[in-house]
Amino acid sequence: MSPVIGMLLQVILGLWVAAGFADWWCHRRTRIEQTSGTAEALCHWLLLLQMGTAITLCTLFQPTLLLLVLLLCLWLAHQSITFMELRWVCPVRDVTPGEQMIHSFLEVLPVAGMLLLSIPVVDSALQEDSAAAAWTLERRALADVAWRAEAWPALIFACVAFNGLPYLEELWRCLRWHRSAAAATEPGPEESGD
């Protein structure tokens, strides 16, 4: 495995998964189900989908100009949605300084990943090697992403256990709260005039 991919999968992704779990914990502590609710939980799933797409692209394709542009577009979309989400959420839910610091990690780690991926692209451009500087997506050789047999399952397990399941629990909690709040506001038979 190339050092760039190793750093992305072992360090950048590991830190991103940890920051995502810490962010979920902040949401749980501030009881988003009672404030910003399902809309924020769904927004978190959209953000996870964007970064999951970026990680998949990094794993499947060689670093090229086109890949970097696609990653930059995903990051800009992620930032835009995060900005809109926070603008809407902050007035209805306490977003603590600790949570804001966690957001900083979630924002800067993808940039660190893109900078790592840009190293071979810039190096190739300086050596006038058109492969990395091309506007194409070049599939990685299987050997480039080959890893010890136990590492891929551990990585997938970490993503599912520390991001997928917690954010699924968050969505379930928000939907349950919304259902119970809606049921509490429905008039009973004696209140409806029947």
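Numbering of residues starts from 1 in every chain and runs along the sequence as written. This being a predicted model, a pLDDT of at least 70 is required before a residue's local features are given, and a value of 80 or more before pairs of side-chain atoms are given or counted; all residues contribute to the totals for chains, interfaces and linings. Only hydrogens and water are set aside when side-chain values are computed; all heavy atoms of the structure are taken into account.

Caption draft 1: Local environment of the side chain of Glu 33. Tracing the backbone through its elements, the reader meets Glu 33 in the loop between α1 (3–29) and α2 (37–60). When its relative accessible area of 8% is taken as the criterion, Glu 33 is described as buried. By the convention used here, residues are in contact when the closest approach between their heavy atoms is within 4.5 Å. Sequence-distant contacts of Glu 33, defined by excluding residues within four places in its chain, comprise Arg 173, Cys 174 and Trp 177. By definition, any uninterrupted DSSP run of H or I lasting at least four residues is a helix, any uninterrupted run of E lasting at least two residues is a strand, and each is numbered from the N terminus. Burial here depends on accessible area, computed with a 1.4 Å probe over protein chains only, as a share of the maximum for the residue type. Under 20% is buried, over 50% is exposed, and the range in between is partly exposed.

Caption draft 2: Examining the packing of α2 against helix α3 (residues 65–89) more closely. All axes are obtained by fitting lines to C-alpha atoms, using only the stretch in contact for helices, and the reported angles, taken between N-to-C directions, cover 0 to 180 degrees. Direction vectors running N to C along α2 and α3 enclose 165°, while the axes themselves pass 10 Å from each other. The angle between α2 and α3 places the two elements in the roughly antiparallel class. Handedness of the crossing formed by α2 with α3: left-handed. Residues Ala 39, Glu 40, Cys 43, His 44, Leu 46, Leu 47, Gln 50, Met 51, Thr 53, Ala 54, Leu 57 and Cys 58 of α2 form the contact with α3, whose own contacting residues are Leu 67, Leu 70, Leu 71, Leu 74, Trp 75, Ala 77, His 78, Ile 81, Thr 82, Glu 85, Trp 88 and Val 89. Any residue that is not Ala, Val, Leu, Ile, Met, Phe, Trp, Tyr, Cys, Pro, Asp, Glu, Lys or Arg is counted as polar, Gly included; the first ten are nonpolar and the last four charged. Class assignment of the residues belonging to the contact of α2 with α3 gives a composition of 17 nonpolar, five polar and two charged. Orientation is classified from the angle alone, with under 35 degrees giving roughly parallel, over 145 giving roughly antiparallel, 65 to 115 giving roughly perpendicular, and any other angle giving oblique. In this scheme the handedness of a crossing depends on how the near helix is turned from the far one: anticlockwise by less than a right angle means left-handed, clockwise means right-handed.

Caption draft 3: The environment of Ser 118, seen in detail. For Ser 118, the location among the structural elements is in helix α4 (residues 97–126). Overall, the relative accessible area of 19% leaves Ser 118 in the buried class. A sequence separation of 50 residues divides Ser 118 from Leu 68, and the C-alpha atoms of the two residues are 7.1 Å apart.

Caption draft 4: Expanded view of unusual backbone geometry. A positive phi is found at Arg 31, a non-glycine position, where the angle reads about 55°. Topologically, Arg 31 is positioned in the loop between α1 and α2. You can call Arg 31 partly exposed: its relative accessible area is 47%.

Caption draft 5: Summary view of the nonpolar core. Leu 8, Leu 13, Trp 16, Leu 57, Leu 71 and Leu 117 are the most contacted members of the largest nonpolar core, which totals 31 residues. No other element matches α1, which puts eleven residues into this core. Discounting residues that sit within four places of it in the chain, Leu 71 has contacts with Ala 54, Leu 57, Cys 58, Met 114 and Leu 117. As used here, the term nonpolar core means buried Ala, Val, Leu, Ile, Met, Phe, Trp, Tyr and Cys residues forming a set that is joined through side-chain atoms within 4.5 Å.

Caption draft 6: Fine view of the pattern of salt bridges. Every case where a carboxyl oxygen of Asp or Glu lies within 4 Å of a side-chain nitrogen of Lys or Arg is listed as a salt bridge. Tallied over the full model, the rule gives five salt bridges. Close ionic contact of Glu 169 with Arg 28 constitutes a salt bridge, the shortest N to O distance being 2.6 Å. Here Glu 169 is found in helix α6 (residues 151–185), whereas its partner Arg 28 is found in helix α1, with 141 residues between them in sequence. Between Arg 93 and Glu 99 there is a salt bridge; the shortest N-O distance is 3.0 Å.

Caption draft 7: Inspection of the packing of aromatic side chains at higher detail. Only centres within 6.5 Å qualify two rings of Phe, Tyr or Trp (six-membered ring in Trp) as a pair; their planes then separate them into stacked at under 30 degrees, edge-to-face at over 60, and tilted for everything else. Applying the stated criterion across every chain, the model contains three aromatic pairs. When the centroid spacing of 5.3 Å and the interplanar angle of 35° are considered together, the rings of Phe 21 and Trp 24 count as tilted. In this pair, Phe 21 and Trp 24 are both assigned in helix α1, three residues apart and thus about one turn of the helix distant. We classify Phe 21 as partly exposed; its relative accessible area is 31%.

Caption draft 8: Seen up close, α4. The span expected for a helix works out to 1.5 Å for each residue beyond the first. Here α4 spans 42 Å end to end across 30 residues, near enough to the 44 Å set by a 1.5 Å rise per residue. Take the seven residues that end at a residue and the seven that start at it, fit an axis to each, and the angle between those axes is the bend at that residue. When the local axis directions of α4 are compared, the greatest deviation, roughly 30°, occurs at Ser 118, which is followed within four positions by the proline Pro 120. Glu 128, located one to two residues past α4, shows a positive phi value of around 60°.

Caption draft 9: The environment of Ile 12, seen in detail. Turning to its location among the elements, Ile 12 is positioned in helix α1. Residue class for Ile 12 comes out buried when judged on its relative accessible area of 13%. When the C-alpha positions of Ile 12 and Leu 116 are compared, they lie 9.8 Å apart, and in sequence the two are 104 residues distant. With near-sequence residues (within four places) excluded, Ile 12 lies in contact with Met 7, Leu 109, Ala 112, Gly 113 and Leu 116.

Caption draft 10: Up close: the environment of Ile 81. If you trace the backbone, Ile 81 turns up in helix α3. A relative accessible area of 14% places Ile 81 in the buried class. Through-space distance from the C-alpha of Ile 81 to that of Cys 43 is 7.8 Å; in sequence the pair is 38 residues apart. Contact partners of Ile 81, with chain neighbours within four places excluded, come to Cys 43, Leu 46, Leu 47 and Gln 50.

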